[in-house]
Amino acid sequence: MPGKIKVKVLAGRNLPVMDRASDTTDAFVEVKFGGVTHKTDVCRKSLNPHWSSTEWYRFEVDESELQDEPLQLRLMDHDTYSANDAIGKVVISLAPLLAREANNAKGTGGPPGGAVMSGWIPVFDTMHGIRGELNIIVKVELFSDFNKYKTSSCGVQFFHCPMIPPGYRATAIHGFVEELIVNDDPEYQWIDKIRTPRASNEARQVAFIKLSNQVQRLVGLKAAELGANAVVGYQQDFDLEGEAGVVARAIGTAVSITPLPTPSHPINIPPCSQQSERDRGDKERGSPRHARHESYGGRDAPPPASAPIPAPAPAPAPAPATPAQNVSVHSTSIPVGIHRRSSDSDLSITPKGSSLNASGGNTVGGGAILRPSMNSNNLDMLEYPFLTMTEYPPGFIVHIGGTVCARSVKLVDGGGESASRAAWWAELRTELRAHARALRCTAVLAYCEKAAVREDVCVLSASGTAAVINLDCEFVNDEHPVTVGSSKKVIEEREKEREREKEREVEVEAESCSAAHVPYSAGGGEVAACGGCRRARVPSVLLATCAKPPALAAYPTAVTLTAVAARVRRAPPASEPGARDISDQLPFLEYELHKLLLAKLRMQGANAIFSLQTQIAIGERCVMALASGTAVRLAALPPPTPPTIKASENDKNALEIQRALWDTFQANRTANGYDLGPLEQGCNGSLVESEEPPVLELSADKDACVLELDEAEDVETAKSLAVRHTTMQVYTPSLRPAPGAPPHAFMQVWRARLGACGGGERLAGRALSGAAYKLRRLQPAALAPPTFHLDLPEDEIQLVVAGTAIPLAGAGSAAGRAEHNGSQGSAPDADDDIFALDEEQLIKPTTELTDEKLNAGQSPVRVSLSTLCGVGGVGAGSGAGSGARRLCALRLLFVRETTAVRELGGLSGFMHTFACEVLAIVRAYTAALGGNALTSFYITQLMLQDNAHKNQGQCLLSVGGDVVHVIH
């Protein structure tokens, strides 16, 4: 699909002084794409230049080059008698514009005439940071191309959102897509020894952006071959392998989605496009449906009688029952199917499914090669039945088997071939699929991949949640309410949709504990009677990498939980002895991590962990593992008990620790609200516990709940469990965000000397406490599940915490804090302030800032960043009566280096300054693309190095999310 790029440079502002004699700058811009470069005129002696020429710089390029190559605008200072000086660069990836232009070509994205990016973009220099801004206009136009052998994926949308994006309906789930590319790292090329640090950093930044675009294009091609038009739950990572090169990896879930109508806020679709949409809807109504679906894929797994399926099935029998075909009331509702992956399966069984999805929305550009539709009957024949989404609609998850994980230690060779790296991950995926089948589960949900590299040793990790899924569930996420002025037909459709939702809620409420039921036999593990239905069996503790199913009854309070385990290395960190040593250490490391995590979970009075993340960090002297997740108390699972100390009765120290553990357990349970008795859908009195420490008979033969005080480290671990840590509560859908209060995205980097191996545990607790302290002004507020990244540079330990704080509606919210402080005073704020602030000082800064912005002529649009995929709490008035429109996915990568670390306030000041600059650039890109919010926001630190002797520091950051326009 060839296309045309048009670029116009209008003006610049706040440029640095490059000519010391006149304190001005002779600025001009070089516009480069591929091998073609254009130059603007020189605007002399001005720090705020305006280019009077209205010339469009045009580039006509091929389809693959259009997706892979970034657009580069280099701001230069003209010198007559010497070489021109570089001020900074603006590197623009055209992938967001291509996605919008492809939607415009279909008549679903906006007005015709090409996708446009317009606004003030900060000029970034890898040595000095932001150095002014450029006002530019970038326009992309695509030509229609129906070549079935095309090499572009412009018609495939990408979403970082870990669920079906709000405002869309999924008509089919095609399955797992992945791609991997290996390339040389410019930092380790021979030319890097003779070029300047700025040139080296810019070459690395452009190379990484090209890799990101290439891997996205290849993933989109695989999705298009499956007949999909979108990839949700898209994850992209870089593995820095030193001289071996850099590996760009991407995974996602290929789906076919259609946008829901937004009658209250039309998107100005041309009449011809609207007509085509109606024709497409008529074709979907008349298209043949999928074959009849079943809710269970394994032949040996009989469906329990309590499973929430759309049609009642007979009693459990050795052969799976066949439910009735699900006929939806809505005319455009199509049962969701899973399609076969494009790669060859390693199974020698020929698929039995032969039906095709005839929906018109599943073809992309006329070149899609549709695969046989896979339903529940032959779901076990998929090569990789993986889904990268973490949130699912009610009724999709029938049973959760538990977390499955596979790890492998590899020795990185110097060749760096893509085939060998792909074979490594294929081994892990095959092992993970075997683990899921051992639990009698049909799919792996919330699948993710991580890699830890140290010199030439690499640890690969693949994890997910084994579950039994119901493919008859309807994937729809509607956040657009019907308002005054909506058509009668749309209102009737919404009424029918509400009726169907009520019917589904009734079915779900009948068995709200079904997701916690174990799919394997009772003798397959530690199980107990369900506290809800009293018929099925449930585990004593539930661990899952996905989010909590909406229908699963739980207490409203959720807590962030972290655990860090470490083991000392016994061999050098390089070559084959180091890899063998790490391979021997991993099983013991995972056992210690799991034991500590379960002990912390019980100390909180919880019995389940969702959004579980585990990672491995390799250092020169030790190897560490970190686990984090959201702890909740489920009503279906048995009530937890505190860990037991295994010691003799005469050991007074052990008795004191046991008493302290019980007191902390009672205090945590009371603070989390887990001591209020059973829930309404609850356990029929099973949650009532005595006031005295009970005899823990369940812990007598279970090592996971027993703490042995054999060494001094064990005593320190037991004492640390007895210390209460106060953190912010985790945001759940039951909480109500404060109206008009935007979310606050944050990132913190904590570094400390490695010292003892227990330093990681203390650092994780300090990071959460520090985040809660710095966000105390937002109280009452909740914390979205944060992400952690652990690294071991040299003799230090580094922990990066990123998340989003969401202000909640209440007496202490932003709206009512002034009155609250004026009358009673806020105790936490009053105690934390060094200087007392008057009421006027608390209220005036917001209005004064807004007036200053308006007087300066800046745009009053406020861009909010949120790690959540929804728009709740984003922007003012984002509650009822508002909606959102997904525009495109945004991914940026930055390299920053400095030779003045001490002048910037040390490594912490350098990192803080760089993070603030990156967030400012992200907001500028989001506003230029037409959005006012960036959801599913992530920020990943790929590298942070420093040299104290040379006063140098270098950092590499990758950021991204989904650009959203919130309609108020």
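Rules behind the numbers
Residues numbered from 1 in each chain as written. Predicted model: local features only at pLDDT ≥ 70, side-chain atom pairs only at ≥ 80, totals over all residues. Heavy atoms only, no water. Core = buried A, V, L, I, M, F, W, Y, C linked by side-chain atoms within 4.5 Å. Buried < 20%, exposed > 50% of the residue type's maximum accessible area, 1.4 Å probe, protein only. Helix = DSSP H or I, 4+ residues; strand = E, 2+ residues; numbered from the N terminus. Contact = heavy atoms within 4.5 Å. Pairing = 2+ DSSP bridges. Salt bridge = Lys/Arg side-chain N within 4 Å of Asp/Glu carboxyl O. Axes fitted to C-alpha atoms, helices over the stretch in contact; angles between N-to-C directions. pLDDT = per-residue confidence, 0-100. Phe/Tyr/Trp six-rings, centres within 6.5 Å; stacked < 30°, edge-to-face > 60°. Expected span 1.5 Å × (residues − 1). Polar contact = N/O pair within 3.5 Å; in protein donor to acceptor, adjacent residues only side chain to side chain.

### Considering the nonpolar core
Nonpolar side chains in soluble globular proteins tend to end up buried together.
Part 1 of the reasoning: Counting residues in hydrophobic clusters, the biggest one holds 65 residues, and the most contacted among them are Leu 71, Leu 73, Ile 92, Leu 94 and Val 138.
Part 2 of the reasoning: Of the residues forming this core, the biggest block, 11 residues, is contributed by helix H14 (residues 906–928).
Part 3 of the reasoning: If near-sequence neighbours (up to four positions away) are discounted, Leu 94 is found in contact with Ile 5, Phe 33, Leu 66, Leu 71, Val 138 and Val 140.

### Quick word on the pairing of strand S15 (residues 397–411)
Part 1 of the reasoning: For S15, the tally of buried residues reaches 11 of 15 residues, placing the bulk of the element in the interior.
Part 2 of the reasoning: Where S15 and strand S17 (residues 457–469) come together, 13 bridges link them in antiparallel fashion. Note on S17: the bridge partner recorded for Val 404 is Gly 464.

### Some details on the pattern of salt bridges
Part 1 of the reasoning: Across all of its chains, the model carries 28 salt bridges by this definition.
Part 2 of the reasoning: In this structure, Arg 74 and Glu 202 form a salt bridge, with 3.2 Å as the shortest nitrogen-oxygen distance. Highlighted residues: Arg 74 in strand S5 (residues 71–77) and Glu 202 in helix H3 (residues 197–225), separated in sequence by 128 residues.
Part 3 of the reasoning: For Arg 74, a relative accessible area of 22% translates into the label partly exposed.
Part 4 of the reasoning: What you see here is one network of salt bridges that share partners, running through Glu 178, Glu 179, Lys 222, Asp 239, Arg 249, Arg 429 and Glu 449.

### Notes on the environment of Cys 441
Part 1 of the reasoning: Note on placement: Cys 441 falls in the loop between helix H5 (418–438) and strand S16 (443–454).
Part 2 of the reasoning: It is 8.2 Å that separates the C-alpha atoms of Cys 441 and Tyr 520, two residues lying 79 residues apart in sequence.
Part 3 of the reasoning: Excluding residues within four positions of it along the chain, Cys 441 makes contact with Gly 401, Ala 436, Ala 466, Ala 467, Val 468 and Pro 519.

### Considering the sheet that holds S15
Part 1 of the reasoning: Pairing within the open sheet is antiparallel, and its 3 strands lie in the order S15-S17-S16. A strand with exactly one partner marks an edge of an open sheet, and here the two such strands are S15 and S16. Averaged over neighbouring strand pairs, the angle between their axes works out to 10° when direction is ignored.
Part 2 of the reasoning: Together, S15, S16 and S17 form the strand contacts of H5, whose direction differs from that of S15 by roughly 145°.
Part 3 of the reasoning: In the packing of helix H7 (residues 575–603) onto the sheet, contacts are made with S15 and S17, and the angle to S15 comes to roughly 155°.

### Focus on the environment of Met 127
Part 1 of the reasoning: On the secondary structure map, Met 127 appears in the loop between strand S7 (115–125) and strand S8 (129–142).
Part 2 of the reasoning: Sequence separation between Met 127 and Glu 897 is 770 residues, and the spatial gap between their C-alpha atoms is 5.1 Å.
Part 3 of the reasoning: The residues contacting Met 127, other than those within four sequence positions of it, are Pro 197, Arg 198, Asn 201, Arg 896 and Glu 897.

### Observations regarding the confidence of the model for the protein chain
Part 1 of the reasoning: Here the protein chain averages 74 in pLDDT, while 69% of its residues score no lower than 70.
Part 2 of the reasoning: Segment residues 479–487 is flagged for pLDDT under 50; beyond a separation of four residues in sequence, or across chains, it makes 21 contacts in the model.
Part 3 of the reasoning: The low-confidence segment residues 873–881 (pLDDT under 50) makes 24 contacts with residues lying over four places distant or belonging to another chain.

### Considerations on the packing of aromatic side chains
Each aromatic ring pair is specified by the distance between its two centres and by the angle formed by the two planes.
Part 1 of the reasoning: If you walk through the whole model with that rule in mind, you get 14 aromatic pairs.
Part 2 of the reasoning: For the pair Phe 124 and Phe 894, a centre-to-centre distance of 5.5 Å together with 70° between the ring planes defines the contact as edge-to-face. Residue Phe 124 is located in strand S7, and its partner Phe 894 is located in strand S32 (residues 883–898); the two are separated by 770 residues in the primary sequence.
Part 3 of the reasoning: A residue is classified by how much of its surface remains accessible, and Phe 124, at 5% relative accessible area, is buried.

### A word on the pairing of S8
Part 1 of the reasoning: Burial analysis of S8 places 11 of its 14 residues in the buried class, which makes it a mostly covered element.
Part 2 of the reasoning: Bridge count between strand S1 (residues 3–13) and S8: 10 bridges; the pairing is antiparallel. Bridge assignment links Val 9 to a residue of S8, and that residue is Ile 136.
Part 3 of the reasoning: Where S7 and S8 come together, 10 bridges link them in antiparallel fashion. Directly across from Asp 125, in S8, lies its bridge partner Gly 129.

### What to know about H5
Part 1 of the reasoning: Over its 21 residues, H5 extends 31 Å from the first C-alpha to the last, a length consistent with the 30 Å expected when each residue adds 1.5 Å.
Part 2 of the reasoning: Among the residues of H5, those classed as buried are Ser 420, Arg 421, Trp 424, Trp 425, Leu 428, Arg 429, Leu 432, Arg 433 and Ala 436.
Part 3 of the reasoning: Where H5 is buried, its residues touch strand S10 (168–183), strand S12 (246–259), S15, S16 and S17.
Part 4 of the reasoning: Following H5 by one or two positions, Arg 440 has its phi on the positive side, about 60°.

### Observations regarding the environment of Arg 776
Part 1 of the reasoning: Structurally, the position occupied by Arg 776 is in the loop between helix H10 (759–774) and strand S28 (781–783).
Part 2 of the reasoning: Using a relative accessible area of 18% as the deciding quantity, one classes Arg 776 as buried.
Part 3 of the reasoning: A C-alpha to C-alpha distance of 9.2 Å links Arg 776 and Met 728, two positions 48 residues apart in sequence.
Part 4 of the reasoning: A polar contact is formed between the side chain of Arg 776 and the backbone oxygen of Tyr 773, at a distance of 2.7 Å.

### Section: unusual backbone geometry
Part 1 of the reasoning: Geometrically, the link from Gln 779 to Pro 780 is a cis peptide bond, its omega value of 0° lying close to zero.
Part 2 of the reasoning: By secondary structure assignment, the location of Pro 780 is in the loop between H10 and S28.
Part 3 of the reasoning: Here the phi dihedral of Asp 23 falls at roughly 55°; this positive angle occurs in a residue that is not glycine.
Part 4 of the reasoning: Tracing the chain through its elements places Asp 23 in the loop between S1 and strand S2 (27–33).
Part 5 of the reasoning: In this structure, Glu 794 is a non-glycine residue whose phi angle is positive, near 55°.

### Some words on the side chain of Arg 896
Part 1 of the reasoning: Of note, Arg 896 is situated in strand S32.
Part 2 of the reasoning: Take Arg 896: its relative accessible area is 5%, and that puts it in the buried class.
Part 3 of the reasoning: Only 2.9 Å separates the side chain of Arg 896 from the backbone oxygen of Met 127, close enough to count as a polar contact.
Part 4 of the reasoning: Once you skip the residues sitting within four places of it in the chain, Arg 896 turns out to touch Phe 124, Asp 125, Thr 126, Met 127, His 128, Gly 129, Phe 910, Phe 914, Glu 917, Gly 953, Gln 954 and Cys 955.

### So, the sheet that holds strand S23 (residues 608–618)
Part 1 of the reasoning: Within the open sheet, the 4 strands sit side by side as S21-S23-S24-S22. Their pairing is mixed. The open sheet is flanked by strand S21 (542–543) and strand S22 (559–568), the only strands paired with a single partner.
Part 2 of the reasoning: Relative to S23, S21 is paired through 2 bridges, and the arrangement is parallel. Note that in S23 the partner of Leu 543 across the bridge is Ile 609.
Part 3 of the reasoning: Docked against the sheet, H7 engages S21, S22, S23 and strand S24 (622–632), running at close to 150° with respect to S22.

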